[in-house]
Every structure is written in structure tokens, then in C-alpha cells.
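# Structural overview for review
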Amino acid sequence: MSKPDDTMEKLVSLCKRRGFIFPSSEIYGGLKSCWDYGPLGVELKRNVKEAWWQHMVRRRADVVGIDCSILMHPKVWETSGHLAGFNDPMVDCKTCKARFRADTMESQVCPKKPSKRPGECDGELTEPRQFNLMFKTSMGPVENSDSVVYLRPETAQGIFVNFKNVVDTCRMKPPFGIAQQGKSFRNEIVTENFIFRSREFEQMEMEFFVPPAEADKWYEFWRDARYAWFTDLGVNKDKLRLREHDSDELAHYSKCCADIEYEFPFGWKELEGIANRTDFDLQRHAEATGRDLRFFDDQSKERYFPHVIEPALGVDRATLTFLVDAYDEEELAEGDTRTVLHLHPSLAPIKAGIFPLVKKEGLPEIAHNLEDELRSEFNVFYDQSGAIGRRYRRQDEVGTPFGITIDFDTKTDQAVTIRERDSMAQERVALDQVKNYLRGRVLPEQA
Ligand code: GAP
């Protein structure tokens, strides 16, 4: 495990101070493990989701999207195995009554004596028992056993139950995929590390349906493609690894699985899982509903259950990874440091800061005209207050890749100075070329 440092503390503080992420219901004291994305955070998260959607859906003829309801028929969860088996082992401390996840005791602390692990204080622990992670609620005006529904713990099941609808309506033929982004809920025993593990989170999942004989090939394809997605978006390769699961780690439905792991300040942790789910889900839903969920290949005249390769990623966990990986404190000169987020330009919440050098002599007017022109395509930020160096630094801290300065020369040469965040190099660009300049550098297609 890597040495814990204070990067997380600094990042959490930056996220709060600059409007990326706030604790939920903060004025009421907060709600543990729930988070609100502020104005910059929501832009960053949308950009992460957009980059995934472009990569997984829009640029591929063999993948389509779907958006299913969060509440599903309760039988779905019986069939998928979640009601019986989506459990974590839990223990209680008989003294302080705190609850712990029995399988991760080494990373938990006693709430009364934070220097001790649970059970290493004077408290006696109960035997482990299974705790189901599904959130239960009730649907409709009458609350009884027939009205019980669950908040989905994964987006994947919505895709499986719509397999036939998509095949029939979109004429998709294996190998093909269905992708979904949306909220999932898990009543985790322990939540930890800011937005890394929470009880309400978003997932981006894709189920790729393949002829059984092609499953190994596609598993390798998606495992490697998913790894490359992160590095193409700038994540440091030294902190990213692929780890194949041992057979005793595999979920009940999967034949093989690899995790993409990132080395966070709190250690190597799972970021995304790529699993070969075989035909487990389609088979089970077919049995439970009596519907024929096999695919009929009209060329070979064969009817079969496709096997499924599933890349499954948490949006919040991906967002945290991009933030942690981008965070840097750079020493520029003796005693002069800057905090900078080296976010990939396509992910950065603000694409360019627009700075008139002074607040007079017609420079703000030129700057506002440029702002209006750019805003139709890019999220830009106008700032005329303070010294230009301070304005650059404020944008460095939130990851803005370009700073555009309108100076006295602009009035005569019709050009601006564009400063690049990471190198801090400056170049002169014609006013009427600024939009093209940004197009070539910050659009998601560049990822
Ligand atoms: N359909 C398969 C599935 O849901 P998973 O490994 O349980 O697999 C996939 O979840 C991804 O969802 C994880 O790799 C992680 O990125 C994210 N995730 C899972 N539980 C989470 C939680 N409590 N908080 C935040 N993200 C979570």
C-alpha cells in the first residue's frame, strides 16, 4: 500500500472551496456518504460521462444506448441473485455498537479509539452475519409486502431485461452492445474516501452480447480498450494497472473478470471491472419469465443465448480518479508554487478563461464579444478582477486549459495571447481564429 499523504485532504478542500463537490444537505449537518456536485463538479462529471458515451456508443456502429427506470419489477432482483446473494459480511462491536464490514477490517478503525482496529480495542465483536445491500422502498399508496420495490444496485439488469426489445426494434445482431449510464444505490456497510464509495452513485455499464465461441476474444478486447480509455484521457500509466481476478474472487455469474485499479493516496483500489458474465443473466431471466431470450441467427438458423462481456465503471469513482491524477502542486521558483489540475482539456469544466488586461479602454468590450462567440460551443469564464497572474492561477487550480488575454495590442493587431495551462507557454492567435484554436484542442473527439 502506498504511503498515505495529504492529497485527499487538499483535494476535498479544493473541491469544496471551488465549487466541485459539497457534502449533501450540508446546512442540516450533511448526510453521510451523499454528495452534491457544484457548478464546476457537474461540468466535470458531465464531461466524464460524455467522453465515455462517445467512446462506447456514438463512435461504434455495434453499440446502442438505453435509459431504464431505477425502480424495476422486484422479481428482477430475485432472478439476478441480488436478493439472495448481494450481501457483505457485517460484525457489530458489543461495546460501542458500531458496525463494520467483516472482510475489510484492516482498513477500518474503532470510532471510540481511532488508533485501533475494530476488535483490537476492549470491545468484543459479534460473529459475522450477512447484510443485504439493496435499498428497499414501497411503491404506491398502500404499504405492504406486495408494494415492496428496490432501488437498483446496478444498471446492468435494465439492459438484460430489454435485450429482446433492442434486438427486435434495432435489428442488432451479436456481437453488439447496449450501454447505460445512471444512478445506482447500495446500502454499503462502510462508505469511505470522499466520493470513492458512497450509497448513491452513478454507473456507466455496457453489456456486449457475443456468440459464445467469441467470448474470450471480446473479453480481451474490452479489457484492453477500457484500460486505454483512461490513459488516452491522460491518466498516469504508472498508477493504473489491470488485475485479473483469482477464481475465488469471481462473482457467482462470472467466468473471468479483470479490474482496472488506480493507485489512490489511500492505496490501489478497483476503478472498473470487466467481466465475462457468460449467459447467466439471459438464461435466468428466460427461465423466470418463460420468454425466449435466445438470439435467432437467420444465416446459421441457430438459436442461442449470447454470452456477455461487461465493462462496468462508477462515474463518481472515475471522476475522483481524474481529479486525484490531475492534482499537482508545482514549485515554479523559490517560494513560488501553484496548485494546478492537469485535467485532459476535454474533461476540464471550463475550457478557457477570458481576461481583459485592464477594465477600461475598450478591452472589456472586446473580451465580452469573444466570450459570446465562444460560449456557443465552449464553457468559458470571463474574469477582469485582479492581476493577470492571479487570474491565471485561479484557473490553473480548477484545470482550465487555456487563458486568453486581451491586451492593448489587440486593438491594433486583432490578436490575443493564449496561455497554455501545463507548459504556461504563450502564443499570439488572431481573434477570429480563437474558436478554431479551441476546437482543435478541447473537443471530446481529441480524447
Ligand atoms: N454490473 C456489475 C457491477 O455493478 P460492480 O463491480 O459491483 O459491478 C461496478 O460495480 C463499478 O461501479 C465499480 O467498479 C465502481 O466503479 C462502481 N461502484 C460500485 N459500488 C460503488 C459505490 N458504493 N460507490 C461508488 N462507486 C461504486
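Preceding this section is the structure that the text describes.
Source: prediction; values computed, not measured.

When helices and strands are tallied, the protein chain shows 13 helices and 23 strands. Considered along the principal axes of its C-alpha atoms, the protein chain spans approximately 75 × 70 × 50 Å. The burial tally for the protein chain puts 52% of its 447 residues in the buried class. Contacts in the protein chain between residues at least 24 apart in sequence constitute 65% of all its contacts with a sequence separation of at least 6. Total accessible area on the protein chain stands at roughly 21400 Å², and carbon and sulfur atoms take up 49% of it.

By the element assignment, glutamate 310 lies in strand 16 (residues 307-314). A polar side-chain atom of glutamate 310 sits 2.8 Å from a polar atom in the side chain of arginine 277. The residues touching glutamate 310, leaving out its near neighbours within four places in the chain, are Ala156, Glu205, Met206, Glu207, Gly273, Ile274, Ala275 and Arg277.

Attention now goes to the site of the ligand. Near the ligand there are 19 residues, and of these Glu154, Arg186, Glu188, Glu205 and Glu270 occur at the shortest range. A distance of 2.8 Å separates a nitrogen atom of the ligand from a polar atom in the backbone of serine 198. Between the ligand and glutamate 270 there is a distance of 2.5 Å, counted from an oxygen atom to a side-chain nitrogen or oxygen. For the ligand, whose accessible area on its own is 550 Å², the fraction buried by protein is 90%. Elements represented by at least two residues in the shell around the ligand include exactly strand 10 (200-210), strand 13 (267-278) and strand 16. Per-class residue counts for the shell around the ligand are six nonpolar, three polar and ten charged.

In this section: the sheet that holds strand 6 (residues 129-132). For sheets, the rule is that strands pair by backbone hydrogen bonds, running either parallel or antiparallel. Read from one edge to the other, the open sheet built from three strands follows the order 5-4-6, with strand pairing classed as antiparallel. Across the chains shown, the open sheet's two edge strands, defined by having one partner strand only, are strand 5 (99-101) and strand 6. Geometrically, the sheet is characterised by an average inter-axis angle of 50 degrees between neighbouring strands, direction not taken into account. Of the strand pairs in this sheet, strand 4 (residues 87-92) and strand 6 are connected by four bridges, and their pairing is antiparallel. In the strand pairing of strand 6, aspartate 88 is matched with phenylalanine 131.

The next subject is helix 9 (residues 315-326). For helix 9, which comprises twelve residues, the first-to-last C-alpha distance of 16 Å matches the rise-based estimate of 16 Å (1.5 Å per residue) to within 8%. Among the residues of helix 9, Val315, Asp316, Arg317, Ala318, Thr319, Leu320, Thr321, Phe322, Leu323, Val324, Asp325 and Ala326 are the ones counted as buried.

Below, the discussion takes up the environment of valine 324. Residue position: valine 324 is located in helix 9. C-alpha separation for the pair valine 324 and valine 12, spaced 312 residues apart in sequence, amounts to 9.9 Å. Excluding residues that lie within four positions of it along the chain, valine 324 makes contacts with Met8, Leu11, Tyr262, Phe264 and Pro265.

Judged by pairing direction, the sheet is mixed, and its seven strands sit side by side in the order 3-9-10-16-13-12-11 without closing on themselves. Here the strands that pair on one side only, and so sit at the sheet edges, are strand 3 (63-65) and strand 11 (240-244). Each adjacent strand pair in this sheet contributes to an overall mean axis angle of 25 degrees, direction not counted. Looking at chain direction, strand 10 and strand 16 are connected through six bridges and run antiparallel. Residue pairing across strands places phenylalanine 209 opposite valine 308, the latter belonging to strand 16. Along the sheet, helix 6 (residues 163-170) contacts strand 3, strand 9 (176-185) and strand 10; its crossing angle with strand 9, the most-contacted strand, is approximately 140 degrees.

Cut-offs applied
- Residues numbered from 1 in each chain as written.
- Predicted model: local features only at pLDDT ≥ 70, side-chain atom pairs only at ≥ 80, totals over all residues.
- Heavy atoms only, no water.
- Helix = DSSP H or I, 4+ residues; strand = E, 2+ residues; numbered from the N terminus.
- Buried < 20%, exposed > 50% of the residue type's maximum accessible area, 1.4 Å probe, protein only.
- Contact = heavy atoms within 4.5 Å.
- Areas by Shrake-Rupley, 256 points an atom, 1.4 Å probe, with all protein chains shown as cover.
- Polar contact = N/O pair within 3.5 Å; in protein donor to acceptor, adjacent residues only side chain to side chain.
- Near = heavy atom within 4 Å.
- Nonpolar A, V, L, I, M, F, W, Y, C, P; charged D, E, K, R; others polar.
- Pairing = 2+ DSSP bridges.
- Axes fitted to C-alpha atoms, helices over the stretch in contact; angles between N-to-C directions.
- Expected span 1.5 Å × (residues − 1).

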